[in-house]
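Listed here are the chains, written in short residue letters.
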Amino acid sequence: MSTVPQPPRRHGGTPAFHRISPRDIALRKGGAPIVCITAYTAPMAGFMDQHVDLLLVGDTMGMVVYGMSSTLGVTLDMSIAHGQAVMRGSQRACVIVDMPFGTYQVSREEAFKNCARAMAETGCAGIKLEGGVEMAPTVEYLVQRGIPVLAHVGLKPQSVNVVGGFRVQGRSTEEAKAVLADAKSMADAGAFAIVVEGTVESLARKITETVKPPTIGIGASPACDGQIIVAEDILGLYSAFTPKFVKRYAELGKEVSNAVERYAADVRARRYPAAEHLYGPAESSKTKKAARRKTTKARP
Ligand code: KIV
């Protein structure tokens, strides 16, 4: 048995400092593409962990998990609960928690308090926030005080009500200049990487060439240093709205519907539960062993 003291595992899973770190991500500028995806639950985090570098507990949970029409209704308590689940379900990936609308805009001090709470209560490696030039002093304040920040520029879903919906950014020269300035300010403020969402391709390419931290594109450019996507979008688990940049890799929503249709038919026809699913008064040791092999946890 190892005599090396093990760090406490308050949050389950592996502690953030044994995983891919924000610094590891920062050092991958211009290297092999950084693979990022959203995760909100422990089982999904477990399925994806070994395949990706970064799991984002995105505030898209409001839309794809809770059925909201935007991300604005997500609260810090929700993000923390889902962040804890993702930490429990994963071992290897860098886990980043998205800061909900209203939790970091009021002041640098309040942003620090909320980000520190998210990190302390989940064990995640850092936080993500939306913003550019206007958020630079806050990002600098957070980074200087030990909070790794993943910045998010371009289409910022928390600003949909100001910009008039989920609109591609950078189509005009002025808009492109503003997004580039946002990215530069986030880089200068110390963000370890920058998500570039929903911009024209040439702008995302230019940002990637210009800033020092890696860029993580979504609806942006293959030239970005990495890509991120909402898991439910590529798995066919969310169909209220499918942006042009989404590529479907599975149709799990249809699989779920088909499976439950078959289950319902079996129940209605009394085909389920069948003899093999029933408990007898005294099970033989052979049956017990077979049952144990089937389940990892004792269930009533
Ligand atoms: O909340 C989220 O999932 C995000 C990604 C789309 C980047 O911000």
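It should be emphasised that the depicted structure is a prediction, and the values quoted were computed from it without experimental measurement.

**Student:** Any details on the overall build of the protein chain? Residues and values, ideally.
**Tutor:** Counting its regular elements, the protein chain contains twelve helices and eight strands. Counting every position in the protein chain, which comprises 300 residues, the buried fraction comes to 48%. Residue pairs at least 24 apart in sequence account for 59% of intrachain contacts in the protein chain once pairs closer than 6 positions are excluded. When the accessible surface of the protein chain is split by element, carbon and sulfur atoms take 57% of a total near 16,300 Å².

**Student:** I'd love a proper account of the pairing of strand β7 (residues 215-218), names of residues and values included.
**Tutor:** Here β7 shows a buried face lined by Thr-215 and Gly-217 and a second buried face lined by Ile-216 and Ile-218. Pairing between strand β6 (residues 193-197) and β7: four bridges, direction parallel. Residue pairing across strands places Ile-194 opposite Thr-215, the latter belonging to β7. At this point the chain moves from β6, through helix α9 (residues 201-210), to the parallel β7, and the crossover so formed is right-handed. Across two bridges, the pairing between β7 and strand β8 (residues 226-229) is parallel. For Ile-216, the partnering residue across the bridge sits in β8 and is Gly-226.

**Student:** Please set out the environment of Lys-128 residue by residue, giving values where relevant.
**Tutor:** Relative to the elements of secondary structure, Lys-128 occurs in strand β4 (residues 126-130). You can call Lys-128 buried: its relative accessible area is 3%. Taking the C-alpha atoms as reference points, Lys-128 and Val-149, 21 residues apart in sequence, are found 5.6 Å from one another. If we skip the residues at most four places from it in the chain, Lys-128 touches Leu-56, Ile-96, Val-97, Asp-98, Met-99, Leu-150, His-152 and Val-195. Of note is the side chain of Lys-128, whose polar atom sits 3.0 Å from the side chain of Asp-98.

**Student:** Give me the lowdown on the environment of Thr-215, citing residues and values where you can.
**Tutor:** Looking at where Thr-215 falls in the secondary structure, it is placed in strand β7. For Thr-215, a relative accessible area of 0% translates into the label buried. The spatial distance from the C-alpha of Thr-215 to the C-alpha of Gly-226 is 6.3 Å, given a sequence separation of eleven residues. Beyond its immediate stretch of four places on either side in the chain, Thr-215 contacts Lys-29, Ile-194, Val-196, Ile-207, Thr-208, Cys-224, Asp-225 and Gly-226.

**Student:** How would you summarise the site of the ligand if you had to cite specific residues and measurements?
**Tutor:** Contacts to the ligand come from Thr-38, Leu-56, Gly-58, Asp-59, Thr-60, Asp-98, Lys-128, His-152, Ile-218, Ile-228 and Val-230. The contact in question runs from an oxygen atom of the ligand to an N or O atom on the side chain of Asp-59, over 2.9 Å. One of the side-chain N or O atoms of Asp-98 is found 3.0 Å from an oxygen atom in the ligand.

**Student:** Please provide a residue-by-residue account of the pattern of salt bridges, values included.
**Tutor:** Considering all chains together, one arrives at ten salt bridges under this definition. The closest approach of N and O atoms between Glu-121 and Arg-117, which form a salt bridge, is 2.9 Å. Of this pair, Glu-121 and Arg-117 both sit in helix α5 (residues 108-122), separated by four residues, roughly a single helical turn. Residue classification places Glu-121 among the partly exposed residues on the basis of a relative accessible area of 30%. Exposure remark for Arg-117: the relative accessible area of 29% places this residue in the partly exposed category. The partner of Asp-182 in a salt bridge is Lys-156, and the shortest N-O contact between them spans 3.9 Å. Here Lys-156 lies in the loop between β5 (149-154) and α7 (160-163) and Asp-182 lies in helix α8 (residues 173-189), a separation of 26 residues in the sequence. Looking at Asp-182, the relative accessible area reads 12%, which means it is buried. Of the residues examined, Lys-156 reaches a relative accessible area of 19% and is grouped as buried.

What counts, and where the lines are drawn
- Residues numbered from 1 in each chain as written.
- Predicted model: local features only at pLDDT ≥ 70, side-chain atom pairs only at ≥ 80, totals over all residues.
- Heavy atoms only, no water.
- Helix = DSSP H or I, 4+ residues; strand = E, 2+ residues; numbered from the N terminus.
- Buried < 20%, exposed > 50% of the residue type's maximum accessible area, 1.4 Å probe, protein only.
- Contact = heavy atoms within 4.5 Å.
- Areas by Shrake-Rupley, 256 points an atom, 1.4 Å probe, with all protein chains shown as cover.
- Pairing = 2+ DSSP bridges.
- Right-handed = clockwise from strand over helix to strand, strands pointing away.
- Polar contact = N/O pair within 3.5 Å; in protein donor to acceptor, adjacent residues only side chain to side chain.
- Near = heavy atom within 4 Å.
- Salt bridge = Lys/Arg side-chain N within 4 Å of Asp/Glu carboxyl O.

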